[in-house]
Amino acid sequence: PTLIVFISFGRWLEHVAKGKTSQALTDLLSLQASEATLAKVGEKGQIGEEQVVDIELVQKGDILKVVPGDRIPVDGKVILGSSSVDESMLTGESLPVRKEVGDTVIGGTLNQAGLIFISATHVGADTALAQIVRLVEDAQMSKAPIQRFADKIAGYFVPGIIALSVLTWIIWFSIGVTNPSTLEGKECTLNTNHSRNSSSSQEDTEYCAVENAFLYAVTVLAIACPCALGLATPTAVMVGTGVGARHGILIKGGEPLEGIHRVDIVVFDKTGTLTHGKPKVVDVRLAKESLNRRKLLAIVGTAESGSEHPLGQAIVEHSKEILSVSSLGQVSDFEAVPGCGLRCVVSDVHFLFQSKTDYSNDDQDGNAVYKVLVGNREWMRRNQVDVAAEIDRSMHDHESLGQTVVLTAVNGELMATISIADTVRSEAALAVHTLEQLGVHSIMLTGDNRRTAMAIAEQVGIETVFAEVLPSHKRNKVLELQNRSLTSSVVSLAGKRHPVVSFVGDGINDSPALVQSDVGVAIGSGTNVAPEAADIVLIKNNLMDVVAAIELSRVTVRRIRINFFWAMLYNVIGLPIAAGALEPAGISLRPWMAAAAMALSSVSVVCSSLLLNGNSTGPSRSLFLIVQALQ
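In what follows, the accompanying structure is described.

Cut-offs used in this document
Residues numbered from 1 in each chain as written. Predicted model: local features only at pLDDT ≥ 70, side-chain atom pairs only at ≥ 80, totals over all residues. Heavy atoms only, no water. Helix = DSSP H or I, 4+ residues; strand = E, 2+ residues; numbered from the N terminus. Buried < 20%, exposed > 50% of the residue type's maximum accessible area, 1.4 Å probe, protein only. Contact = heavy atoms within 4.5 Å. Areas by Shrake-Rupley, 256 points an atom, 1.4 Å probe, with all protein chains shown as cover. Arc of directions from axis to C-beta. Axes fitted to C-alpha atoms, helices over the stretch in contact; angles between N-to-C directions. Parallel < 35°, antiparallel > 145°, perpendicular 65-115°, else oblique. Nonpolar A, V, L, I, M, F, W, Y, C, P; charged D, E, K, R; others polar. Pairing = 2+ DSSP bridges. Patch = residues over 30% accessible without salt bridge, like charges linked within 9 Å, V, L, I, M, F, W, Y side chains within 5 Å. Salt bridge = Lys/Arg side-chain N within 4 Å of Asp/Glu carboxyl O. Left-handed = near helix turned anticlockwise from the far one by under 90°.

Scanning the protein chain for helices and strands turns up 22 helices and 22 strands. Buried residues in the protein chain amount to 48% of all 631 residues. The long-range fraction of contacts in the protein chain, counting pairs at least 24 apart against all pairs at least 6 apart in sequence, stands at 71%. Of the roughly 29600 Å² that the protein chain leaves accessible, carbon and sulfur atoms contribute 55%.

What follows concerns the environment of Val 504. Considering the arrangement of structural elements, one finds Val 504 in strand β20 (residues 501-505). Distance in space between the C-alpha atoms of Val 504 and Asp 269 is 6.3 Å, their sequence separation being 235 residues. The contacts of Val 504, once residues within four sequence positions are left out, are Val 266, Val 267, Phe 268, Asp 269, Thr 273, Val 521, Ile 523, Leu 543 and Val 546.

Next up on the list: helix α17 (residues 474-482). One full turn of an α-helix is made of 3.6 residues, so residues set three or four places apart face in the same direction. All of the buried residues in α17 are Lys 474, Val 478, Leu 481 and Gln 482. Along α17, the residues classed as buried sweep out an arc of 100° about the axis, all on the same side. Against the buried residues of α17 lie β11 (265-269), β18 (441-445), β19 (464-466), β20 and α19 (511-516).

So, on to the packing of helix α20 (residues 544-578) against helix α21 (residues 591-610). For the pair α20 and α21, interaxial distance at closest approach is 9 Å and the crossing angle is 170°. The angle between the axes of α20 and α21 places the two elements in the roughly antiparallel class. The residues of α21 that touch α20, namely those facing Arg 559, Ile 562, Asn 563 and Tyr 570, are Ala 594, Ala 597, Met 598, Ser 601, Val 605, Ser 608 and Ser 609. Residue composition of the contact of α20 with α21, grouped by class: six nonpolar, four polar and one charged.

Even without being glycine, Ser 324 reaches a positive phi, approximately 55°. For Ser 324, the position within the fold is in the loop between α11 (310-323) and β13 (330-337). Residues other than glycine seldom take positive phi values, yet Asp 348 does so here, at roughly 60°. For Asp 348, the position within the fold is in the loop between β14 (341-347) and α12 (361-365).

With that settled, consider the sheet that holds strand β6 (residues 97-99). One open sheet accounts for three strands, arranged β6-β5-β8; its pairing is antiparallel. One side of each edge strand has no neighbouring strand; the edge strands of this open sheet are β6 and β8 (110-111). Note: strand β5 (residues 83-86) against β8, two bridges, orientation antiparallel. When the sheet's bridge partners are listed, Asp 86 is paired in β8 with Leu 110.

Taken together, seven strands build an open sheet; the order of strands is β10-β22-β21-β20-β11-β18-β19 and the sheet is mixed. Sheet topology places β10 (249-251) and β19 at the edges, where each strand pairs with a single neighbour. Direction aside, the axes of adjacent strands within the sheet are offset by 20° on average. The pairing of β11 with β18 spans five bridges and is parallel. Paired with Asp 269 across the bridge in β18 is Leu 445. Across the sheet, helix α15 (residues 428-437) lies against β11 and β18, angled at about 140° from β18, the strand it touches most.

In this section: a nonpolar patch on the surface. Judged by side-chain polarity, Val 158, Ile 162, Val 166, Ile 170 and Leu 221 come together as a nonpolar surface patch covering roughly 410 Å² of accessible area. In this fold, Leu 221 is placed in helix α6 (residues 202-223).

Next up on the list: the packing of helix α7 (residues 226-246) against α20. Packing of α7 against α20 brings their axes to within 9 Å, and their N-to-C directions diverge by 160°. One way to sum up the angle between α7 and α20 is to call them roughly antiparallel. Pair α7 / α20 crosses with right-handed handedness. Here α7 contributes Ala 228, Leu 229, Ala 232, Thr 233, Thr 235, Ala 236, Val 237, Gly 240, Val 243 and Gly 244 to the contact with α20, which in turn contributes Leu 552, Thr 556, Ile 560, Asn 563, Phe 564, Ala 567 and Met 568.

Structure below.
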């Protein structure tokens, strides 16, 4: 009974400790609202009747009322009111975020100050919180590659322990029969027909030898703990992914959690990764006097309205701002070539001109049609549009400042250059410097021209740059890096036969490179927390989280190895003692003692994993690493 009690108690302690490893998942689940206040909107936009409904009944497009102090029930867009929202539980952002009409809000975050009405955009399993919960669940159930080591040991451990137990019984039975003096002082209960104080018959000796050998064999079985080996990796993975989730670092499983700490090279995309991804037009220079600035912006803005590229969107926003309009003309025959530019036909732009001097004869009738080309030098060359030497020199000047220059041709003639600038993230240089201090080499990969790319790289401290790389060729560049098609300095830095490469991009047009890399990291994904191509998603849009992810991986893998060490040490020390190796010194274990030790070993491994909760991997930890690097 004592043996059974200790085994049961140990299993209960192990269950409680393992439950704490999934505390991060429990915290995330607690953020989910159970109810929502549904508001009906009248024909004139006025808010009418309100009704509290179950969260599962909320549909996309519903209008929901959120009062101060309530959690926002689903992802949505603010349509009325303003407030400050605490998003720290999901993004790790400590300061409340101001939300105005048109801003997006995330389900599960806390409305602090004002009354707002939102229009539901993502509900149910499509919300950011639901995606995070699902991602963390999958990650915590996955196996890290290092787990294969434990599985391999476990495959031999159980039959090995059984064999050791049988061998222990044979040895102690033999000792008891051949040397009865070893049984002195031991109580024998198997022989019910004879008293120990009666004649020392051979039968009595054999009975006592059997019982004594059986106790040692059972003790070996009781103390052996494959559970500690089996818990070493999954408990650390559960805690590690949970710690990452609390700091806005979503790791999709044990493999990327283990793999990113081995990274030798981090390849950064430029637009949207090293820069904010919100470029703005800083200069428009006309090449022909036949087209004034307003008419040019009307035409090129309309042409770019069919593009999803950040540079195109910057031109559209600038055109609307200068023309003071909310919509532009019509686009047809639109064709975009990634890494080069676009061609299309623009029409119906006559209403955008401010004065009659802007009109041509066709414009006055509203029938003017323009064949438009927008793109880089290579795009103009492909379409037989000449770029004058003077314009090329002007482009060089802007590119040396880190600006991207876009050429615009109308009806086969080069009409203007548009310079666009994107600001570098404030933490980019610190992140690159810290990675270098950690022994990780940084490379920039971009489709932009080399002068602009070098100007940005100089600002952030990156020496190796691959510029003018088409999106479809980024994957090939990553593959080249993995095959060590690098400069000798990078190879020596990597120090391995095949460098481990991580690609950091915005997850939009970088999918092939993210998949090809050993660990793909998506940054700036907003509420889309589960880009299929990425292994790690950084919700906070902060490059320092790349450093934090590497540090989290290193700490977690170190903890797994410590767990393995203690689990192995426990068995290496405990099994010989249980088998009676110290019996000559008067030290021995009974089965109930072995059961208690076995339970303690499992609990100690789980508690060791829980120590990961004490390792800060947020901005404070990253800043600590920077201070260390600078000292």
